[in-house]
Amino acid sequence: MKPGKRIYRRGFTLIELMTAMAITGMLVVVIMQLTNQSIDLWRAVSEDVSTSSRSRAALQTLSRDFESFQMRGYDNKYQWLFAKADERMDNVPKGLQIPRSVQCVFFACAPDRNPSVSSSTSLRMNYREARAHNRDTQGDVNAIGYRLMFRDQILNMPGVDGNDKGVYPLFSLYRQVVPPRQTFEQLLGKDNLESAYVRFEQDDEKNFLCENILEMNITFTIRYAASKADAEEGRVDYDVVSVPIVASHRRTNKVAVYGDRIVAGGTTYENARIESAMISITVLTEEGAAMVEQIRQGRRRAPRKIADFFAKYTRSYSRLVSLPQPL
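Nothing here was measured: the structure is a model prediction, and the numbers come from that model.

(A) Up close: the overall build of the chain. For the chain, the helix and strand inventory stands at eight helices and 13 strands. Within the chain, buried positions represent 39% of all 327 residues. Residue pairs at least 24 apart in sequence account for 74% of intrachain contacts in the chain once pairs closer than 6 positions are excluded. For the chain, the accessible area works out to roughly 19,500 Å², and carbon and sulfur atoms hold 51% of it.

Structure follows, in structure tokens:
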């Protein structure tokens, strides 16, 4: 290179820089959109997994209890099961009342019926004495009750409207298992199980099973003798009828199972038994539960169309359970 000769190197022009910046900006926007979509998808999948887990826990417990349903049939007039629409849904956020809520009580062999040691303080002091004298664990038949409630199961307080600090109510499913001894002494052999069970309802809030259960409905399939005269002669033709406890918002049915008959929706079916129960529940997603809490605290208005809220923030599940035949 000769002295004094200068070499000039060509750089980027302004147009090239602006083009590169535009392409980079577009790539950043695309990456951000993909990231947001991935986060939304992860959140949706996470909510679905959480919601399905709650539904599975509730349906498994309900199915297990119905599969161990116990009754004596055809030779007694005692009541073994009653199910009705629960109308005592107090302290629910305005505009978000529970649409379908079934209260159901029946007898079953619950696998969790017996505690290992009595809750009595005097018997807890000596394990051997407790095992020898724990009469509460005797027997194998329990009365089991189900119902939906809106309350704070931790603080044991009912859910109320307004800005009440320290209260965190939830739509929850409660399951109460009456010990075998009390079942035998106070509930078995009654012609009105519903009235006999009332004294045990005060402890419902202590028997929390699953949260964010917004609806529960049961449809019973009843098999009954088509003709009473033929049944008495031993020639029986059976018919089948399905009876939902909550048929619509204004129409409900009550089912009462006796040893010699079933009364469902005001109709008496002789020589009948329940073949199956279709259990349907609606589970509120975590996002929906957060919205309900905001509505309860007055920070958000209740939805004008409750159907739209259900379609977006709930998931429905069902399970068909076959009930054992009466003994």
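(B) The arrangement of the pattern of salt bridges in detail. Evaluated as defined, the whole model comprises eleven salt bridges. For the salt bridge of Arg54 with Glu211, the shortest nitrogen-to-oxygen distance reads 3.1 Å. Residue Arg54 is found in helix H1 (residues 14-67), and its partner Glu211 is found in strand S6 (residues 208-211); the two are separated by 157 residues along the sequence. Of the charged contacts, one joins Glu275 and Arg273 as a salt bridge, the two residues approaching to 3.8 Å between their closest N and O atoms. Residue Glu275 is classed as partly exposed on the basis of its relative accessible area, which comes to 25%.

(C) Geometry of the packing of aromatic side chains. The full count for this structure, using the stated rule, is ten aromatic pairs. Each ring, one from Tyr197 and one from Phe200, has its centre 6.3 Å from the other, and the planes form 35 degrees; the classification is tilted. For the pair formed by Tyr197 and Phe200, the shared burial category is buried. Seen from their ring centres, Phe309 and Tyr313 are 5.2 Å apart, and the 45 degrees between their planes marks the pair as tilted. Taken together, the residues span about one helical turn, with Phe309 and Tyr313 both in helix H8 (residues 306-313) at a distance of four residues. A residue is classified by how much of its surface remains accessible, and Phe309, at 3% relative accessible area, is buried. Classification of Tyr313 by relative accessible area gives buried; the value is 9%. Feature note: the residues Phe66, Phe69, Phe106 and Phe220 constitute an aromatic cluster, connected by ring pairs. Cation over ring: Arg223 sits above Tyr238, and NZ or CZ is 3.9 Å from the ring centre.

(D) A look at H8. Those residues of H8 that sit buried are Phe309, Phe310 and Tyr313. Looking straight down H8, one finds that the buried residues subtend no more than 100 degrees of arc, so they occupy a single side. In H8, the exposed positions that point more than 90 degrees away from the buried face belong to Ala307, Ala311 and Lys312. Summarising the contacts, the buried residues of H8 are in contact with strand S7 (213-225), strand S12 (273-284), helix H7 (286-296) and strand S13 (314-322).

(E) Broad picture of the pairing of strand S11 (residues 267-270). With four bridges connecting them, strand S10 (residues 261-264) and S11 associate as antiparallel partners. Residue pairing for S11: Ile262 is matched across the bridge by Tyr269. The loop that links S10 with its antiparallel partner S11 comprises two residues; one of these, Gly265, has a positive phi angle of about 60 degrees.

(F) Local environment of H7. Along H7, the residues that are buried comprise Gly288, Ala289, Met291, Val292, Glu293, Ile295 and Arg296. As for H7, its buried residues are in contact with strand S3 (142-152), strand S5 (170-178), S12 and H8. Phi for Gly298, located one or two positions after H7, is positive at around 80 degrees.

(G) Expanded view of the sheet that holds S13. One open sheet accounts for four strands, arranged S8-S7-S12-S13; its pairing is antiparallel. Here the strands that pair on one side only, and so sit at the sheet edges, are strand S8 (238-244) and S13. Adjacent strand axes in the sheet meet at a mean angle of 15 degrees when their direction is disregarded. Examined bridge by bridge, S7 and S12 share ten bridges and lie antiparallel to one another. Residue pairing for S12: Thr219 is matched across the bridge by Met278. Taken strand by strand, H8 contacts S7, S12 and S13, and its axis lies near 75 degrees from that of S13.

Thresholds, definitions, all that
Each residue is numbered by its place in its chain's sequence as written, counting from 1. Selection of residues for local features in this predicted model requires a pLDDT of at least 70, selection of side-chain atom pairs for listing and counting requires 80 or more, and totals for whole chains, interfaces and linings are taken over all residues. Each side-chain value is worked out from all heavy atoms of the structure, with water and hydrogens disregarded. Put simply, DSSP marks the helices as runs of H or I at least four residues long and the strands as runs of E at least two long, and each gets a number from the N terminus on. Here's how the labels work: a residue is buried when its accessible area is under 20% of the maximum for its type, exposed when over 50%, partly exposed in between, all with a 1.4 Å probe on protein chains only. The contact rule is simple, with two residues in contact once any of their heavy atoms fall within 4.5 Å. In these tables, accessible area is a Shrake-Rupley quantity obtained with a 1.4 Å probe, and a residue counts as shielded only by the protein chains included in the view. Whenever a carboxyl oxygen of Asp or Glu lies within 4 Å of a side-chain nitrogen of Lys or Arg, that contact is scored as a salt bridge. Geometry of aromatic contacts follows a simple scheme: Phe, Tyr and Trp rings, the Trp one being its six-membered ring, pair when their centres are within 6.5 Å, and the pair is stacked under 30 degrees between planes, edge-to-face over 60, tilted otherwise. Two conditions define a charge located above a ring, namely a distance within 6 Å from the ring centre to NZ of Lys or CZ of Arg, and an angle within 35 degrees of the ring normal. In this context, the arc is that of the directions from the helix axis out to the C-beta atoms. Here, any two strands with at least 2 DSSP bridges between them count as paired. For helices, the fitted line uses only the C-alpha atoms of the stretch in contact; every axis is such a line through C-alpha atoms, and the angle between N-to-C directions lies from 0 to 180 degrees.

That's the geometry; what it means functionally is another story.
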